[in-house]
Amino acid sequence: MLFYGPPGTGKTSTILAAARELFGKEMYRSRILELNASDERGINVVRSKIKTFAQLAAGGTTPDGRPCPPFKIVILDEADSMTSAAQDALRRTIEKETRTTRFCLICNYVSRIIEPLTSRCTKFRFKPLTSEIQLKKLREISDAEQVACSDDALEAIISHTEGDLRKAITYLQSAQKLQGEEGISVEEINEIAGVIPDSLMTDLMRASSSGSFEKLENTVKDVLLEGYPATQILTQVHDSIVQNSELTDKQKSVISERLAVIDKRLCDGAEEYLQVMDLFTVIMDQMTKS
């Protein structure tokens, strides 16, 4: 099986829950080999550790005589970080040892898994969790832990985490530690999530439409000196541009294309100030045309 999708959507939890259901607590440790990104998973590990585990036969009953599946499970978490050589070595093992072992590959980006591996797997795409599911779970946790959290604050958590339940729970926990016994408000959630205040975003957009490069440069410097990450600026600029009724569809498409390029550059480790300036000079160019 190949589980892929955004982080925090339950991929690892699903296979671990299925494994516990299949083998129970007694057989779980002996039947499951779980390797994640913190483990070394080069070609030597595939040839030795995984291959050796896969070749061992497994019985169809537990020590107490209860029937269980006659196979083992190898779970490779974050498989998209494996080298191509390791993935190549794995495909033969998957094919050869299918009688005694099942494999579950988990990744965020299915495009980073080589084609011969994906063709040997049944693919399951995990979508970002819906707001209703997240709200239900966060409310359940809040009630169980006796955390005073308003519905507005929970909605703010959900909007900032974009379907990542793990991140949503972390934000809730961080807000509770920060606030203590008092109720959690939207302001605390925005602060924890690193959301740029509307006033600063308005200043950036005004500087872009002013036509003054010096004013834009000073405004961008001020925002970055406040400690806000460039990726957060990109996220909020995207939302602002999409909702901007003064820009034409063509202008929005030019800005969106530049957003994508700069997002890629930031992922590759580019300097934040230069990339943010690049983005806003494009926005300025488009805004002064309208």
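Calculation notes
- Counting from 1, residues in each chain are numbered in the order their sequence is written.
- At least 70 in pLDDT is required for a residue's local features to be given in this predicted model, at least 80 for side-chain atom pairs to be given and counted, and no such filter applies to totals for whole chains, interfaces and linings, which use all residues.
- Calculation of side-chain values draws on the structure's entire complement of heavy atoms; hydrogens and water are dropped beforehand.
- By nonpolar core we mean a set of buried residues, namely Ala, Val, Leu, Ile, Met, Phe, Trp, Tyr and Cys, connected to one another through side-chain atoms within 4.5 Å.
- For the exposure calls, accessible area comes from a 1.4 Å probe over protein chains only, and a residue counts as buried if that area is under 20% of its type's maximum, exposed if over 50%, partly exposed in between.
- Under the scheme used here, helices are H or I runs from DSSP no shorter than 4 residues and strands are E runs no shorter than 2 residues, and both carry numbers assigned from the N terminus.
- For this analysis, residues touch if any pair of their heavy atoms sits within 4.5 Å.
- Think of a salt bridge as a Lys or Arg side-chain nitrogen and an Asp or Glu carboxyl oxygen that are within 4 Å of each other.
- Simply put, an axis is a line fit to the C-alpha atoms, just over the touching stretch for a helix, and the angle between two N-to-C directions goes from 0 to 180 degrees.
- Relative orientations are named as follows: roughly parallel for angles under 35 degrees, roughly antiparallel for angles over 145 degrees, roughly perpendicular for angles from 65 to 115 degrees, and oblique for any other angle.
- Take the far helix as the reference: if the near one is turned anticlockwise from it by less than a right angle, the crossing is left-handed, and if turned clockwise, right-handed.
- Each residue is assigned to one of three groups, with Ala, Val, Leu, Ile, Met, Phe, Trp, Tyr, Cys and Pro labelled nonpolar, Asp, Glu, Lys and Arg labelled charged, and all others, Gly among them, labelled polar.
- Any two strands with at least two DSSP-identified bridges between them are counted as paired.

Enquirer: I'd love a proper account of the nonpolar core, names of residues and values included.
Expert: Membership of the largest hydrophobic core comes to 28 residues, with the highest contact counts inside it found for Val220, Ile233, Val237, Leu279, Phe280 and Ile283. Looking at this core, the elements that each hand over two or more residues are helix H9 (198-210), helix H10 (213-225), helix H11 (230-243), helix H12 (249-267) and helix H13 (272-289). Once you skip the residues sitting within four places of it in the chain, Ile233 turns out to touch Ile196, Met201, Val223, Leu224, Val276 and Phe280. Membership of the second largest hydrophobic core comes to 24 residues, among which are Ala89, Cys107, Ile113 and Cys121.

Enquirer: Break down the environment of Met284 for me, with residues and values.
Expert: Relative to the helices and strands, Met284 resides in helix H13. Note on Met284: relative accessible area 10%, which makes it buried. Through-space distance from the C-alpha of Met284 to that of Gly211 is 6.5 Å; in sequence the pair is 73 residues apart. Each residue touching Met284, except ones within four places of it in the same chain, is listed here: Ala207, Ser208, Gly211, Ser212, Phe213 and Leu216.

Enquirer: I'd love a proper account of the pattern of salt bridges, names of residues and values included.
Expert: Considering all chains together, one arrives at 8 salt bridges under this definition. Its salt-bridge partner being Arg91, residue Asp88 comes within 3.9 Å of it at the nearest N-O pair. Of this pair, Asp88 and Arg91 are both found in helix H3 (residues 84-96), 3 residues apart, which corresponds to roughly one turn of the helix. Residue class for Arg91 comes out partly exposed when judged on its relative accessible area of 32%. One salt bridge in this structure joins Asp278 and Arg258, with 3.3 Å as the shortest N-O distance. Of the two residues, Asp278 sits in helix H13 while Arg258 sits in helix H12, which places them 20 residues apart along the sequence. On the basis of relative accessibility, which here comes to 27%, the residue Arg258 falls in the partly exposed class. Each of the salt bridges in this network shares a partner with another, and the network as a whole consists of Arg92, Glu95 and Arg120.

Enquirer: Describe the packing of helix H5 (residues 131-144) against helix H6 (residues 151-161), with residues and values.
Expert: Working note: a packed helix pair is described by the angle between its axes plus the distance between those axes. Contact pair H5 / H6: the axes reach a minimum separation of 10 Å and the direction vectors enclose 130°. The orientation of H5 relative to H6 falls into the category oblique. Taken as a pair, H5 and H6 cross one another with a handedness that is right-handed. When H5 is examined against H6, the residues Ser131, Gln134, Leu135, Leu138, Arg139 and Ser142 are found in contact with a partner set consisting of Asp151, Leu154, Glu155, Ile157, Ile158 and Thr161. Split into classes, the residues belonging to the contact of H5 with H6 amount to 5 nonpolar, 4 polar and 3 charged.

Enquirer: Tell me about the sheet that holds strand E5 (residues 123-125), and name the residues and values.
Expert: Ordered by their spatial adjacency, 5 strands build an open sheet running E2-E3-E4-E1-E5, and the pairing between neighbours is parallel. Of all strands in the sheet, those with a lone pairing partner are strand E2 (32-35) and E5, marking the two edges. With strand direction ignored, the average angle separating the axes of adjacent strands in the sheet is 15°. Bridge analysis of strand E1 (residues 2-4) against strand E4 (residues 101-107) gives 3 bridges, and the strand direction is parallel. Paired with Tyr4 across the two strands is Cys107, which belongs to E4. This element, helix H1 (residues 11-31), spans E1, E2, strand E3 (72-76) and E4 of the sheet and lies at about 135° to E2. The sheet contacts of helix H2 (residues 43-55) involve E2, E3 and E4, and relative to E2 the element is tilted by about 160°.

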